Amino acid sequence: MTEKNTKLSVNLIKKFSAGELQELCKATEEAITSGIGFSWIKPPPRQNLENYWKGVLAMPQRNLFIGSFEGAVAASLQLVFPNRSNEASSFSASIDTHFVSPWARGHGLARRLLEAGEDLAFKSGFSQILLEVRETQERAISLYESAEYNKWGTLPAYHIVNKKVVSGSFYYKRLESKK
């Protein structure tokens, strides 16, 4: 799956091509340093990041999209399917590690990644997507709300960032056929 214009591309990958893993690790480090961080507060050692991303590709329920800006990997989104043993949640996928490196923001890459994840979820038979986000990630919250994600809850003590408790919000979106 590839979407392109003159500057952007979004790809669902099953293995890293030459240089992609290193570029993804660099983009991840930049995103963490700028406060995105997923669950990291500061960038872990590079080997830990490499192992993390390799592990993502090894897990069959995780679908990794990478986004590139002007030919360099700058972003990611994981679409996570529930374990097969979780029958009660078999209709619902979730989004994880959705970020764009600071140098590539403002060009629509985050939205394209989100749309690619939604399309794969729908085509794979899921009717709902869940995600969670720190209250400090205002751009992400704006994106999710403009993409018709509905806030269903808040956890006041979601993460601790720089010794400060930060709340987080939980969102869902029902998926329907695009007409």
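Residues numbered from 1 in each chain as written. Predicted model: local features only at pLDDT ≥ 70, side-chain atom pairs only at ≥ 80, totals over all residues. Heavy atoms only, no water.

**Student:** I tried to follow the pattern of salt bridges on my own but got confused; where do I start?
**Tutor:** Following the criterion strictly, the structure yields 4 salt bridges and no others. Among the ionic pairs, Arg 46 bridges to Glu 29, the shortest N-O distance being 2.8 Å. Taken together, the residues Arg 46 in helix α2 (residues 46–58) and Glu 29 in helix α1 (residues 20–33) connect sequence positions 17 residues apart. Judged by relative accessible area, which is 28%, Arg 46 ranks as partly exposed. Arg 62 serves as the salt-bridge partner of Asp 96, at 3.0 Å between the closest nitrogen and oxygen. (Salt bridge = Lys/Arg side-chain N within 4 Å of Asp/Glu carboxyl O. Helix = DSSP H or I, 4+ residues; strand = E, 2+ residues; numbered from the N terminus. Buried < 20%, exposed > 50% of the residue type's maximum accessible area, 1.4 Å probe, protein only.)

**Student:** Even after reading the chapter, I still don't get the side chain of Arg 134, so can you show me in this structure?
**Tutor:** Relative to the helices and strands, Arg 134 resides in strand β6 (residues 128–134). Lacking a salt bridge, the buried Arg 134 has Glu 132 as its closest oppositely charged neighbour, with an N-O distance of 8.8 Å. Looking at Arg 134, its side chain comes within polar contact range of the main-chain oxygen of Gly 35, at 3.3 Å. Within polar-contact distance, the side chain of Arg 134 engages the backbone oxygen of Ile 36 at 3.4 Å. (Lys, Arg positive; Asp, Glu negative; His and termini not counted. Polar contact = N/O pair within 3.5 Å; in protein donor to acceptor, adjacent residues only side chain to side chain.)

**Student:** Would you take a moment to explain the side chain of Ser 68 for this structure?
**Tutor:** Looking at the element boundaries, Ser 68 is found in strand β3 (residues 62–69). Using a relative accessible area of 9% as the deciding quantity, one classes Ser 68 as buried.

**Student:** Can you help me understand the nonpolar core in this one?
**Tutor:** Side chains of nonpolar character tend, in soluble globular proteins, to be buried together. Ranked by internal contacts, the top residues of the largest apolar core, which has 30 residues, are Phe 65, Leu 79, Ile 95, Leu 109, Leu 114 and Tyr 149. Where this core is concerned, the elements lending two or more residues are β2 (8–13), β3, β4 (72–80), β5 (92–100), α3 (109–123), β6 and α4 (138–146). In terms of residues, this core owes the most to one element, α3, which gives 6 residues. If sequence neighbours within four positions are ignored, Leu 114 has contacts with Leu 77, Ile 95, His 98, Leu 143, Tyr 144, Ala 147 and Tyr 149. (Core = buried A, V, L, I, M, F, W, Y, C linked by side-chain atoms within 4.5 Å. Contact = heavy atoms within 4.5 Å.)

**Student:** Quick question: what am I supposed to make of the packing of aromatic side chains here?
**Tutor:** The description of an aromatic ring pair uses the distance of the two centres, along with the angle that the planes make with each other. One pass over the full model with this rule turns up 7 aromatic pairs. Each member of the aromatic cluster is reached from another via a ring pair, and the members are Trp 40, Tyr 52 and Trp 53. (Phe/Tyr/Trp six-rings, centres within 6.5 Å; stacked < 30°, edge-to-face > 60°.)

**Student:** What is the right way to look at the environment of Lys 54 in this model?
**Tutor:** Within the element layout of this structure, Lys 54 appears in helix α2. Taking relative accessible area as the criterion, Lys 54 reaches 43% and is therefore assigned partly exposed. In this structure the C-alpha to C-alpha distance between Lys 54 and Val 161, which are 107 residues apart in sequence, comes to 26 Å. Contact partners of Lys 54, with chain neighbours within four places excluded, come to Phe 16 and Leu 21.

**Student:** Explain the packing of α3 against α4 here, please?
**Tutor:** Any two packed helices are characterised by how steeply their axes cross, that is the angle between the axes, and by the distance between the axes. Following both chains from N to C, one finds α3 and α4 inclined at 45°, their axes separated by 11 Å at the closest point. Looking at the two axes, α3 sits oblique to α4. Crossing geometry of α3 relative to α4 is assigned as right-handed. Contact with α3, carried on its side by Ala 110, Arg 111 and Leu 114, involves Leu 143, Tyr 144 and Ser 146 of α4 and no other residues of that element. In terms of residue class, the contact of α3 with α4 is built from 4 nonpolar, 1 polar and 1 charged. (Axes fitted to C-alpha atoms, helices over the stretch in contact; angles between N-to-C directions. Parallel < 35°, antiparallel > 145°, perpendicular 65-115°, else oblique. Left-handed = near helix turned anticlockwise from the far one by under 90°. Nonpolar A, V, L, I, M, F, W, Y, C, P; charged D, E, K, R; others polar.)

Just distances and angles here, no functional claims.
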